[in-house]
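Fold and contact review
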Amino acid sequence: MATKETDNQQQRSSQELPVVLVNRLPSFRLPSKPPFEDDLLSHFHLLDPHDSPEPYDSFLSRHASSIRALITVGTTPVTAEFLNLLPCLGLVVGTSAGLDHIDLPACRSRGIAVTNASSAFSEDVADCAVGLLIDVLRRISSADRFVRGRMWPAKKEYPLGFKLRGKRVGIVGLGSIGSEVATRLSAFDCSIAYSSRKKKPSVPFPFYANVGDLASNSDVLILCCALTEETTHIVNKDVMIALGKQGVIINVGRGYLIDEKELVQCLLRGEIGGAGLDVFENEPNVPKELLGLDNVVLSPHRAVMTPESFEALLQLTVANLKAFFSNKPLLSVVSNE
Amino acid sequence: MEHHQERSDHRSQDLPQVLVIKPPPVLTLFEDKFISSKFQLLKAWESTLPLDQFLTNYAGSVRAVLCSGASPITADIIRLLPSLQLVITASAGVNHIDLTECRRLGIAVTNAAGVFSDDGADAAVGLLIDVLRKVSAADRYVRNGLWPAKGDYALGSKLGGKRVGVVGLGGFGSAVAKRLEAFGCTVLYNSRTQKPSVPYPFYSTVLELAADSDSLIICCGLTAETRHMINREVLLVLGKQGVIVNIARGAIINEKEMVECLVRGEIGGAGLDVFENEPNVPEELFGLDNVVLSPHRVVFTPESFVAASELVVGNLEAFFSNKPLLSPVIYE
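Nothing here was measured: the structure is a model prediction, and the numbers come from that model.

1. What to know about the interface of chain A and chain B
Facing 58 residues of chain A, the contacting portion of chain B comprises 59 residues. Between chain A and chain B, a total of about 5100 Å² is buried, with carbon and sulfur atoms accounting for 59% of that surface. If you sort the residues of chain A by the area they bury against chain B, R148, W152 and L160 of chain A come out on top, with a joint share of 16%. The tally of links between chain A and chain B comes to eleven salt bridges.

Right, dumping it as structure tokens:
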């Protein structure tokens with residue numbers, strides 16, 4: 001953590017170090033494990049308005065002309081209005097897997113590059129998606145509750161789970177996370193198909209332009225795509241009915257990809273077979289109807305959370321910033337599509 | 001209930017009988033698969049007679065028995081079946097059959113190893129992910145309303161890069177290894193003998209394997225040699241971050257010592273589908289968040305049970321037609 005002493009030392013030598021703004025909601029902080037701030041301070045002069053006694057607006061306007069790059073912490077929003085306060089900004093470094101909290105069109109129109117962090121997280125998110133799928137199909141958490149409830153001696157039988165091999169898995173969004181999911185599930189002998197904004201020519205899996213068609217031809221849907229206006233509620237009642245009564249939905253994207261109210265109804269009515277959910281429309285609130293269901297596995301938005309992914313995130317963050325300030329190509333720039 | 005089959009249907013007097021002492025799970029769930037024109041079932045459990053009396057009265061000419069973990073085939077049972085030539089189990093495991101005695105008397109044994117390999121491997125990897133990434137513990141956290149109350153749940157640990165020691169590289173172990181590779185794990189193994197065509201590093205003892213592994217997955221059979229093979233010494237070298245997954249047989253692990261290691265934090269966690277004294281689970285495990293408990297079910301799916309039923313019936317029909325058995329256990 002930066003102390004006053006460190007600050008003073010930094011000020012002497014930091015005239016040389018590039019300035020980076022830390023954009024965060026007051027309750028958010030850069031991760032402490034690994035110690036992000038310490039590491040960043042060895043490369044950059046960090047400005048954090050919330051660490052200053054000066055009023056936020058005044059701090060920002062005083063430093064605005066020196067701010068060419070910012071890190072946005074977690075899902076701290078980057079709005080068009082905020083961007084207007086930073087006339088010299090050239091780079092927004094995202095630190096979460098998603099980007100729906102960043103006004104991408106506004107960045108694009110200002111010529112501000114945006115880097116994302118999904119490659120730091122994609123393996124861990126994919127592991128979590130597969131773990132949730134096996135759990136739902138084979139009732140692992142449900143059976144664990146059964147055993148912990150001391151019911152095994154009394155109720156000798158417990159329902160069988162379902163086979164994974166041969167299941168038709170439809171991946172919604174075949175970016176870095178979706179690709180890692182595909183690699184894993186291929187080793188389990190699932191057949192993979194996908195839906196994406198555009199067909200990917202080098203990919204061997206069948207492509208469906210429409211998520212409804214993907215659902216009709218799948219036993220499992222795994223949501224790995226970004227949340228945008230187009231993808232909000234992309235999994236609606238029709239898609240769930242198309243998926244069918246044995247169908248399983250795994251969501252490691254964003255809660256709003258699914259019409260959550262409809263999802264709850266479909267689960268309660270048995271219109272779909274089960275769900276594994278890491279994200280919800282109104283976190284940390286989970287629809288109470290789900291808390292009592294045995295064919296659902298609930299995860300408190302932690303698919304990314306391993307020490308290893310945070311280490312990878314730190315390295316990616318530093319690498320993108322260094323590339324920017326050396327006029328070299330950015331590592332994980334979001335392309336303008 | 002009829003006490004024996006012969007009186008019930010005069011036509012079935014011609015069909016040879018297959019003794020079933022207690023019904024294996026496949027029979028309970030898929031009884032219709034066991035209707036055959038080549039044999040009929042002699043259901044000992046439906047009789048009120050004590051078992052040895054039932055066998056003496058009615059099983060003298062029985063040539064085949066379908067057994068399960070709940071109804072082991074011991075030397076004593078074999079002695080009461082003078083005509084026995086075939087022991088069939090619907091399971092992969094054969095530890096409930098006195099193989100030495102069967103071999104001595106020339107009694108053939110068939111099992112169902114192949115049909116459970118994929119589902120077993122899926123289950124083993126599922127349990128490993130659950131323990132490493134705390135899936136069930138986090139699900140409990142949410143169901144208990146703690147997410148709004150207490151915020152984020154603890155970090156899990158990445159699978160990729162982990163060194164996973166597979167104990168036993170038969171059908172199960174190979175299927176597990178294939179899946180682990182897709183997660184970026186490094187696979188190591190121990191087996192009775194080294195397998196020359198296999199790309200994974202071989203360790204001649206479980207202790208050496210554990211010393212070099214982050215996780216152990218037990219995929220071997222229960223025999224006199226493997227009983228309590230995983231003991232305190234092995235667990236201590238696996239280490240404080242170490243995770244053990246057992247989908248094979250409870251007695252391969254010294255359960256008392258494993259529980260102590262878990263309670264004392266000497267290993268990192270465990271995913272257990274099998275226990276030494278099922279359906280009893282050591283009480284101490286119920287209080288641990290780094291353990292995932294499964295009631296000897298996670299390997300099973302309806303599809304594999306149907307396949308096991310078909311294999312059992314296939315073996316019986318082959319036997320009664322004097323054709324080669326489909327899945328004989330080879331004595332080593």
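2. Remarks on the environment of A182 of chain A
Residue and element names in this part refer to chain A. Along the polypeptide, A182 turns up in helix α8 (residues 176-187). With a relative accessible area of 2%, A182 lands in the buried category. Separated by 61 residues in sequence, A182 and F121 place their C-alpha atoms 15 Å apart. Beyond its immediate chain neighbours, meaning those up to four positions away, A182 contacts I171, I192 and F205.

3. Brief notes about the domain arrangement of chain A
Each assigned domain of chain A is listed with its residue range as follows: domain 1 (2-116 + 306-325) and domain 2 (122-298). Using C-alpha coordinates to define each centre, domain 1 of chain A is positioned 34 Å away from domain 2 of chain A.

4. Here we look at the packing of aromatic side chains
Where two aromatic rings form a pair, the distance of their centres and the angle of their planes describe that pair. What the rule picks out here adds up to 14 aromatic pairs over all chains. An angle of 90° between the planes, with centres 6.3 Å apart, marks the rings of F116 of chain B and F305 of chain B as edge-to-face. With a gap of 189 residues between them, F116 of chain B in the loop between β5 (108-110) and α5 (117-133) and F305 of chain B in helix α12 (residues 302-320) connect regions that are remote in the sequence. The class for F116 of chain B is buried, based on a relative accessible area of 3%. By way of ring pairs, the aromatic residues F44, F324 and F325 of chain A are connected into one cluster.

5. Some remarks on the environment of L285 of chain B
When you line up the elements, L285 of chain B lands in the loop between β10 (269-272) and β11 (291-293). The buried category is assigned to L285 of chain B, whose relative accessible area is 0%. Once residues lying within four places of it in the same chain are set aside, the contact partners of L285 of chain B are R148 of chain A together with V259, L262, L272, F275, V291 and L293 of chain B.

6. Examining the sheet that holds strand β5 (residues 113-115) of chain A
Residue and element names in this part refer to chain A. Reading across the sheet, the five strands line up as β2-β1-β3-β4-β5 and stay open at both edges, with parallel pairing between neighbours. Two strands lie at the open edges of the sheet, namely β2 (45-47) and β5, each paired on one side alone. The average undirected angle you get between the axes of adjacent strands in this sheet is 25°. As judged from the three bridges shared by strand β1 (residues 19-23) and β2, these two strands associate in the parallel manner. Bridge assignment links L21 to a residue of β2, and that residue is L47.

7. Points about the pairing of strand β9 (residues 248-251) of chain A
Residue and element names in this part refer to chain A. By the alternation rule, side chains of β9 split into V248 and I250 and I249 and N251, which are all buried. With helix α10 (residues 237-243) bridging strand β8 (residues 220-223) and the parallel β9, this β-α-β connection has right-handed handedness. As paired strands, β9 and strand β10 (residues 274-277) are joined by four bridges and run parallel to one another. Each bridged residue has a counterpart across the sheet, and for I250 the counterpart in β10 is G276. Between the parallel pair β9 and β10, the chain is carried across by helix α11 (residues 260-269), and the sense of this crossover is right-handed.

8. Comments concerning the UniProt feature "domain: D-isomer specific 2-hydroxyacid dehydrogenase NAD-binding" (unreviewed entry) in chain B
Per the UniProt record, the feature "domain: D-isomer specific 2-hydroxyacid dehydrogenase NAD-binding" (unreviewed entry) sits at residues 125-296 of chain B. Between the C-alpha atoms that bound residues 125-296 of chain B there is a distance of 15 Å. The span itself is 33% helix and 15% strand.

9. Let's talk about the pairing of strand β4 (residues 86-89) of chain B
Residue and element names in this part refer to chain B. Here β4 shows a buried face lined by L86 and I88 and a second buried face lined by V87 and T89. By the bridge criterion, four bridges tie strand β3 (residues 64-67) to β4 in an arrangement that is parallel. Its bridge partner being in β4, L66 is matched across the sheet by I88. Tracing the backbone out of β4, into helix α4 (residues 99-105) and back to the parallel element β5 gives a crossover that is right-handed.

10. Thoughts on the sheet that holds β5 of chain B
Residue and element names in this part refer to chain B. Pairing within the open sheet is parallel, and its five strands lie in the order β2-β1-β3-β4-β5. Here the strands that pair on one side only, and so sit at the sheet edges, are β2 (40-43) and β5. Each strand axis lies, on average, 25° off the axis of its neighbour in the sheet, ignoring direction. Seen against the sheet, α12 touches β1 (17-20), β3, β4 and β5 and runs at an angle of roughly 165° to β4.

11. Some remarks on helix α3 (residues 56-63) of chain A
Residue and element names in this part refer to chain A. For α3, the set of buried residues is F59, L60 and H63. Take α3 and look down its axis: the buried residues cluster within an arc of 95°, on one side only. Residues of α3 that are exposed and point more than 90 degrees away from the buried face comprise D57, S61 and R62.

Parameters and conventions
- Residues numbered from 1 in each chain as written.
- Chains lettered and ligands numbered in written order.
- Predicted model: local features only at pLDDT ≥ 70, side-chain atom pairs only at ≥ 80, totals over all residues.
- Heavy atoms only, no water.
- Contact = heavy atoms within 4.5 Å.
- Buried area = accessible area lost by both parts, 1.4 Å probe.
- Salt bridge = Lys/Arg side-chain N within 4 Å of Asp/Glu carboxyl O.
- Helix = DSSP H or I, 4+ residues; strand = E, 2+ residues; numbered from the N terminus.
- Buried < 20%, exposed > 50% of the residue type's maximum accessible area, 1.4 Å probe, protein only.
- Domains from an automatic or database assignment.
- Phe/Tyr/Trp six-rings, centres within 6.5 Å; stacked < 30°, edge-to-face > 60°.
- Pairing = 2+ DSSP bridges.
- Axes fitted to C-alpha atoms, helices over the stretch in contact; angles between N-to-C directions.
- Right-handed = clockwise from strand over helix to strand, strands pointing away.
- UniProt positions renumbered as here; feature names shortened; annotations may be inferred.
- Arc of directions from axis to C-beta.

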